[in-house]
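# Structural features, examined
Listed below, chain by chain, are the residues.
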Amino acid sequence: MKWRIQDYFIVLTAFVMLCILITMSMVNHTITVTLYGFEQICDYNMREALYQIPYIGGLQGRYYVPFLMLPFMLLPQTITVHSMRNKRILRVISILFFLCVAVYISYLLLNRYWIV
């Protein structure tokens, strides 16, 4: 698969925006719960509030797991395969790998939120 410049830009922008969105949502949660006691506060000064919280509560790595593969998809292909049979084998292995990762991520999310 040949990546175009636009593809790199879209994937990296999506990755950065998802990181920012998750981090800022956890910062907002920490500020509202720690400083105000509940999450329904809409109007506060973010700059002042950031200096008043000692840590970002609730920020955990599992929130980043679903999209962690995005930057790795952009890495150059280092394996060159010349025969069609080897290309098919490599394709099957890569599909199985991504399916295993998707199943693992789904299991983590289900185990965390729905399975008791």
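In this text the structure is predicted, and so the values were computed from the model without any measurement.

Listed in full, the 5 residues of the largest apolar core are V27, I31, Y44, A49 and I53. Apart from residues no more than four positions distant in its own chain, Y44 is found in contact with N28, I31, T32, Y36 and A49.

What follows concerns the packing of aromatic side chains. If you walk through the whole model with that rule in mind, you get 3 aromatic pairs. Ring plane angle 70° and centroid distance 6.0 Å describe the contact between Y64 and F67, whose orientation is recorded as edge-to-face. According to the relative accessible area criterion, F67 is buried, its value standing at 8%. Between F97 and F98 the ring centres are 5.5 Å apart and the planes differ by 70°, which places this aromatic pair in the edge-to-face class.

A separate point is helix α1 (residues 5–36). Here α1 is 32 residues long and its end C-alpha atoms lie 45 Å apart, about the 46 Å a rise of 1.5 Å per residue gives. Listed in full, the buried residues belonging to α1 are D7, V11, F15, I22, M26, V27, T30, I31 and T32. On its buried side, α1 packs onto α2 (46–50) and α3 (70–73). In the segment just after α1, G37 is the residue with positive phi, at about 90°.

The rules behind these values
- Residues numbered from 1 in each chain as written.
- Predicted model: local features only at pLDDT ≥ 70, side-chain atom pairs only at ≥ 80, totals over all residues.
- Heavy atoms only, no water.
- Core = buried A, V, L, I, M, F, W, Y, C linked by side-chain atoms within 4.5 Å.
- Buried < 20%, exposed > 50% of the residue type's maximum accessible area, 1.4 Å probe, protein only.
- Contact = heavy atoms within 4.5 Å.
- Phe/Tyr/Trp six-rings, centres within 6.5 Å; stacked < 30°, edge-to-face > 60°.
- Helix = DSSP H or I, 4+ residues; strand = E, 2+ residues; numbered from the N terminus.
- Expected span 1.5 Å × (residues − 1).

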